[in-house]
Amino acid sequence: MFIDRAVIEVRSGKGGDGAIAFLREKYRPNGGPAGGNGGRGGSVIFRATSHINTLFNFRHSKAFIADDGEKGGIKNQFGKYAEDLIVEVPIGTVVFQEEDHQFIGDLNEEGKTLVVAKGGRGGRGNSCFKTPTNRAPKVAENGEPGERKRLILELKLLADVGLVGFPSVGKSTLLSVVSAAKPEIADYPFTTIVPNLGVVNTKDNRSFVMADLPGLIEGAHEGKGLGLQFLRHIERCRVIIHILDMGESGRDPYQDYQIINNELKSYGFGLEKRPVILVASKMDEEGATERLAKLEKQIKKPIIGISALTEQGIEELIFQAADLLEKTPTFPLYDMDSEQLDNKLYVLEDEKEFSIQRIDAHNFRILGDKIIKFYKMTNISTDDGMMVLMKRLRALRVDDELERMGAEDGDTVYLDDFAFDYYR
């Protein structure tokens, strides 16, 4: 089954907690702190492979979870790093965040990898907190939390040439004639319900990949018919072959030409800027020559007449497509491609580390990714660890903000799953 879109969840591993330990050995009464650091959590990594060509495996596998790092040990033993979780995806898979549809990456080459959820670093053991004034610290860090994301995977086929047109204009027939592909062919609309790929070889030893896409209809860019579902597969095509029916179907080729052009333009991704080869199919049928002559006067562009039955114009079409491909560059899918990423300008922003939400008259909640992350990485099971957290809150002037908001002695303040009483 051809599946070209999937929504999944990925979770990277949490870093291992740092240890609080002290070295106690015979003849070494002042051994000092000996808590080791935790190991890094596993990352979730996508890798493009040619061994699969559909997202079918993601239809039932909805969550991919990497292992947590190992905790630090005594005698300064570091925790073991967790192995990264490698998830294989078809070449041509594009990854977005579900929440805001932000583009994350394009896996368009064999073996290309993309880290979609980075594993948390291990927490530091109490050995790292030893200072000249605090030679026996009872403070350690918890491991950094892993990332949790919901992602949209979209498969956009890697084809050089895309065949577009209304249903039953002869796209699948053309692909079957010029390549070894065996698409389903029948005389009813929407025979092609999944994209088909074929490798086309010219007589002068050039080759390219051609994609036969399901037929478009008016409103395809809005989801009508099968258009919206499969228009994404033409985004990578460098050359478009627009097929118009010259047979006795009763359709108006000029009107079809205008409708398909409008659908390509409305869909976006600069499809209307791609080089287009106009093809008139079914030239072996009665009256086709007259209909083609009329269409050429209306469009005022060159049109190649072909017949899959007699192979009229097939060789000319293939050579013209190969010539166009040689001088047509690759069209980037997104502005965030590598060249722009290499020259990305980073601007330092004055971002406030926390905010406070008033839940009701006597309850407040501290919000902010940075302060919550700091809390989760602070081991508050010891008095020293609790003091580290409280000192951080005071340094951020959380007390001043609570007082400004009218907090009274005894009010409850929440920080993630931790609660404490406020006193001035």
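Source: prediction; values computed, not measured.

Let's talk about the overall build of the protein chain
- Secondary structure summary: the protein chain contains nine helices and 18 strands in total.
- In the protein chain, of all internal contacts separated by at least 6 residues, the share reaching a separation of at least 24 is 70%.
- Carbon and sulfur atoms make up 48% of the accessible area of the protein chain, which amounts to about 23000 Å² in all.

Considerations on the packing of aromatic side chains
- Enumeration according to the criterion identifies four aromatic pairs in this entry.
- Centre to centre, the rings of tyrosine 375 and phenylalanine 418 are 5.8 Å apart; their planes meet at 25 degrees, and the pair counts as stacked. Highlighted residues: tyrosine 375 in helix 7 (residues 369-376) and phenylalanine 418 in strand 18 (residues 418-421), separated in sequence by 43 residues.
- Using a relative accessible area of 13% as the deciding quantity, one classes phenylalanine 418 as buried.

Considerations on the nonpolar core
- Counting residues in hydrophobic clusters, the biggest one holds 36 residues, and the most contacted among them are Val161, Leu174, Phe208, Met210, Ile241, Ile277 and Leu317.
- The set of elements that each furnish at least two residues to this core consists of strand 9 (161-164), helix 1 (171-178), strand 11 (207-212), strand 12 (239-245), helix 3 (253-267), strand 13 (276-281) and helix 5 (314-327).
- In terms of residues, this core owes the most to one element, helix 5, which gives seven residues.
- For valine 161, the residues in contact, after removing those within four places along its chain, are Phe208, Val209, Met210, Ala211, Cys237, Val239, Ile241, Ala321 and Leu325.
- If you look at the next biggest cluster of nonpolar residues, it comprises 23 residues, including Ala6, Phe58, Val87 and Leu151.

Overview of helix 3
- Between its terminal C-alpha atoms helix 3 stretches 21 Å, which fits the 21 Å expected from 15 residues at 1.5 Å a residue.
- Within helix 3 the residues assigned to the buried category are Pro253, Asp256, Tyr257, Ile259, Ile260, Glu263, Leu264 and Tyr267.
- The N-cap of helix 3, judged by a side-chain oxygen 3.1 Å from the amide nitrogen of tyrosine 254 a few residues on, is aspartate 252.
- Positive backbone phi, at 100 degrees, marks glycine 268, one or two positions downstream of helix 3.

Comments concerning the pattern of salt bridges
- One pass over the full model with this rule turns up 20 salt bridges.
- Residues aspartate 17 and lysine 14 are paired through a salt bridge, measuring 2.6 Å at the closest nitrogen-oxygen approach.
- Salt-bridge contacts for lysine 373 lead to glutamate 144; the nearest nitrogen and oxygen are separated by 2.6 Å. Note that lysine 373 is positioned in helix 7 and glutamate 144 in the loop between strand 7 (113-117) and strand 8 (148-155), a separation of 229 residues in sequence.

Comments concerning the sheet that holds strand 8
- Taken in spatial order, the five strands make up an open sheet running 3-1-8-5-6, and their pairing is mixed. Every interior strand has two partners, whereas the edge strands, strand 3 (63-65) and strand 6 (103-107), have only one. Between one strand axis and the next, the sheet turns by 25 degrees as a mean value, whatever way the strands run.
- Examined bridge by bridge, strand 5 (residues 93-97) and strand 8 share five bridges and lie antiparallel to one another. Of the residues in strand 8, the one forming a bridge with valine 95 is leucine 153.

Comments concerning the sheet that holds strand 18
- The sheet built from four strands is open, its strands ordered 15-16-17-18 with mixed pairing. Of all the strands in the sheet, the pair left with one neighbour each is strand 15 (355-360) and strand 18. For this sheet, the mean inter-axis angle between neighbouring strands, taken without regard to orientation, is 25 degrees.
- Across four bridges, the pairing between strand 16 (residues 363-367) and strand 17 (residues 412-415) is parallel. The residue of strand 17 that forms the bridge with arginine 365 is tyrosine 414.
- Of the strands in this sheet, strand 16, strand 17 and strand 18 are in contact with helix 7, which crosses strand 17 at around 85 degrees.
- Helix 8 (residues 383-395) rests against strand 16, strand 17 and strand 18 of the sheet, and its axis sits at about 70 degrees to strand 18.

A look at helix 4 (residues 288-299)
- Between its first and last C-alpha, helix 4 extends 16 Å over twelve residues, near the 16 Å set by a 1.5 Å rise per residue.
- Looking at helix 4, one finds that the buried residues are Ala288, Leu292, Leu295 and Ile299. Looking straight down helix 4, one finds its buried side chains confined to an arc of 65 degrees; they lie on one side. Facing away from the buried side of helix 4 by over 90 degrees, the exposed positions are Thr289, Glu290, Lys294 and Lys297.
- Turning to helix 4, the residues buried within the fold contact strand 12, helix 3, strand 13 and strand 14 (304-305).

Reading guide: rules and limits
- Residues numbered from 1 in each chain as written.
- Predicted model: local features only at pLDDT ≥ 70, side-chain atom pairs only at ≥ 80, totals over all residues.
- Heavy atoms only, no water.
- Helix = DSSP H or I, 4+ residues; strand = E, 2+ residues; numbered from the N terminus.
- Contact = heavy atoms within 4.5 Å.
- Areas by Shrake-Rupley, 256 points an atom, 1.4 Å probe, with all protein chains shown as cover.
- Phe/Tyr/Trp six-rings, centres within 6.5 Å; stacked < 30°, edge-to-face > 60°.
- Buried < 20%, exposed > 50% of the residue type's maximum accessible area, 1.4 Å probe, protein only.
- Core = buried A, V, L, I, M, F, W, Y, C linked by side-chain atoms within 4.5 Å.
- Expected span 1.5 Å × (residues − 1).
- Polar contact = N/O pair within 3.5 Å; in protein donor to acceptor, adjacent residues only side chain to side chain.
- Salt bridge = Lys/Arg side-chain N within 4 Å of Asp/Glu carboxyl O.
- Pairing = 2+ DSSP bridges.
- Axes fitted to C-alpha atoms, helices over the stretch in contact; angles between N-to-C directions.
- Arc of directions from axis to C-beta.

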